[in-house]
Amino acid sequence: MILTAEDLLIPISSLILITAFYMQGQEFIRPMIRGQFVQSILLAVVSVIMWYLTHDIDFIVLAVLIVVLRGFLITYFLEKGIRKDQVHLHEKHVSVAFPFLISLVFVLTAVLIVYSVVFSSIRIESITGNQGILVFPLALFFQGLFLIASRRTTYAQIMGYIEEENAIVLFAVFLLPIPLLIEASVFLDVLALVVISSVVVLEKFTHERVEELKG
């Protein structure tokens, strides 16, 4: 059986979600940043496949912007901001396996609730004609949200923010008119660069709980 371009959307979207769980389980900064890079490249591949299916050249423009801005520029500024004493996340009382399992349960539960409640009552048509593919950006969004909530390190929280951006772009690829999507993607990339330049450079490396600050 020969796979078509449309058949590749689901496995590639699955790989995007796998990179998100990979980032959740990391204790070191650089593997997490490179996971974000791979995730962005896979997102660009999805855009190229959508160009092949729709013959809309704007999807190629979007793919190039994702690779240049989200893939290379954001990755470059993140890695450039790492100091020698910041190679490890150094999060106290953080076990890699436990947050990973909690993340998996949280994402599956959130997606099941949203998909069964919202999508069953509101008919959302995907460009591909397959409504089920919208589960992947939805799961990626909740995984990014959990990454922000479960880690105290600035770099890890920025990774979660970028994951949420990738989820929004992936969701929009299947739904929105492409010119609007390009403008939104560029805005999100510029916003991410501003966040990286201000938070990573100026703010402290970790964010402790409020209870620890009271003592």
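About the criteria used
Starting from 1, residues in each chain are numbered consecutively following that chain's sequence as written. Per-residue local features are limited, in this predicted model, to residues with pLDDT of at least 70; the limit for side-chain atom pairs, both in listing and counting, is 80 or more; totals at the level of whole chains, interfaces and linings are taken over all residues. Here the side-chain values reflect all heavy atoms present in the structure, with hydrogen atoms and water set aside. The numbering of helices and of strands both runs from the N terminus, where a helix is a DSSP run of H or I of at least 4 residues and a strand a run of E of at least 2. Think of it in three bands: residues with accessible area under 20% of the maximum for their type are buried, residues over 50% are exposed, and the middle band is partly exposed, with areas taken using a 1.4 Å probe on protein chains only. Contact criterion: two residues are considered in contact whenever any of their non-hydrogen atoms come within 4.5 Å of each other. To get an axis, a line is fitted to the C-alpha atoms, and for a helix only the part in contact is used. The angle between two axes follows their N-to-C directions and goes from 0 to 180 degrees. Each angle receives one of four descriptions, namely roughly parallel if under 35 degrees, roughly antiparallel if over 145, roughly perpendicular if within 65 to 115, and oblique otherwise. Note on convention: near helix rotated counterclockwise from far helix by under a right angle means a left-handed crossing. Clockwise means right-handed. Amino acids are sorted into nonpolar (Ala, Val, Leu, Ile, Met, Phe, Trp, Tyr, Cys and Pro), charged (Asp, Glu, Lys and Arg) and polar (every other residue, Gly among them). Candidate patch residues must exceed 30% relative accessible area and have no salt bridge, after which like charges are joined if within 9 Å and Val, Leu, Ile, Met, Phe, Trp or Tyr side chains if within 5 Å. In this description, accessible areas are obtained by the Shrake-Rupley approach with a 1.4 Å probe, and a residue is regarded as covered only by the protein chains that are shown. Here, a salt bridge means any Lys or Arg side-chain nitrogen found within 4 Å of an Asp or Glu carboxyl oxygen. Classification of ring pairs rests on two measures: the distance between centres of Phe, Tyr or Trp rings, Trp counted by its six-membered ring, which must be within 6.5 Å, and the angle between planes, read as stacked under 30 degrees, edge-to-face over 60 and tilted in between. Buried Ala, Val, Leu, Ile, Met, Phe, Trp, Tyr and Cys residues form a nonpolar core when they are joined through side-chain atoms within 4.5 Å. Each residue gets a pLDDT score, which is the predictor's confidence in that residue and runs from 0 to 100. The definition of a polar contact used here is a pair of N or O atoms within 3.5 Å, where within protein one atom must be able to donate a hydrogen and the other to accept one, and adjacent residues in sequence count solely through side-chain atom pairs.

(A) A look at the overall build of the protein chain. From N to C terminus, the protein chain includes 8 helices and 0 strands. When the helices and strands of the protein chain are placed in sequence order, the string is α-α-α-α-α-α-α-α. Counting the 215 residues in the protein chain, one finds 43% classified as buried. Across the protein chain, every contact between residues at least 6 apart in sequence was considered, and the portion connecting residues at least 24 apart equals 79%.

(B) Inspection of the packing of helix α5 (residues 135-150) against helix α6 (residues 154-173) at higher detail. At a minimum axis separation of 8 Å, α5 and α6 run at an interaxial angle of 165°. When the interaxial angle is binned, α5 and α6 end up roughly antiparallel. Pair α5 / α6 crosses with left-handed handedness. Between α5, through F136, P137, L140, F141, Q143, G144, L145, L147 and I148, and α6, the contact on the second element is made entirely by A156, Q157, M159, G160, Y161, E163, E164, N166, A167, L170 and F171. Across the contact of α5 with α6, the residue classes tally to 13 nonpolar, 5 polar and 2 charged.

(C) Structural context of a nonpolar patch on the surface. Taken together, V48, W51, Y52, L53 and I57 make up a surface patch of nonpolar side chains, about 450 Å² in accessible area. Relative to the assigned elements, Y52 resides in helix α2 (residues 29-54).

(D) Quick look at the packing of helix α3 (residues 58-80) against α6. Their axes nearest at 13 Å, the elements α3 and α6 cross at an angle of 180°. Our classification of the angle between α3 and α6 gives roughly antiparallel. Across the interface between the two elements, F59, L62, I66, R70, I74 and L78 of α3 pack against Y155, I158, M159, I162, E165, N166, V169 and V173 of α6. Taken together, the residues that form the contact of α3 with α6 break down as 11 nonpolar, 1 polar and 2 charged.

(E) Main features of the environment of V114. With respect to the element layout, V114 can be found in helix α4 (residues 97-121). Judged by relative accessible area, which is 23%, V114 ranks as partly exposed. Separated by 21 residues in the primary sequence, V114 and V135 have C-alpha atoms spaced 9.5 Å apart.

(F) Representation of the packing of aromatic side chains. One pass over the full model with this rule turns up 3 aromatic pairs. Seen from their ring centres, F37 and F72 are 5.3 Å apart, and the 70° between their planes marks the pair as edge-to-face. Here the residue F37 occupies a position in helix α2, and F72 occupies one in helix α3, the gap between them amounting to 35 residues. Taking relative accessible area as the criterion, F37 reaches 23% and is therefore assigned partly exposed.

(G) Quick peek at the nonpolar core. Membership of the largest hydrophobic core comes to 33 residues, with the highest contact counts inside it found for L9, I16, V46, M50, V173 and F174. Mapped by element, the contributors of at least two residues to this core are α1 (9-24), α2, α3, α4, α5, α6 and α7 (178-202). With 14 residues, the next largest nonpolar core counts A156, I158, M159 and I162 among its residues.

(H) Examining the confidence of the model for the protein chain more closely. With 68% of its residues at a pLDDT of at least 70, the protein chain reaches an overall mean of 75. At the low end of the mean pLDDT range in the protein chain sits helix α8 (residues 210-214), at 47; at the high end sits α2, at 90. Across residues 210-215 the pLDDT falls below 50, and counting only partners more than four positions away or on other chains, this stretch makes 1 contact in the model.

(I) Region of the structure containing the environment of E79. Mapping E79 onto the fold places it in helix α3. Residue class for E79 comes out partly exposed when judged on its relative accessible area of 24%. Between the alpha carbons of E79 and I29 there is a distance of 8.6 Å; along the sequence they are 50 residues apart. Those residues within four positions of E79 in sequence are excluded, and the remaining contacts are R30, I33 and R34. Looking at E79, its side chain comes within polar contact range of the side chain of R34, at 3.4 Å.

(J) Structural detail: unusual backbone geometry. In the Ramachandran plot, H55 falls in the positive-phi region, its phi being about 60° despite a non-glycine side chain. Position of H55 among the secondary structure elements: in the loop between α2 and α3. For H55, a relative accessible area of 67% gives the class exposed.

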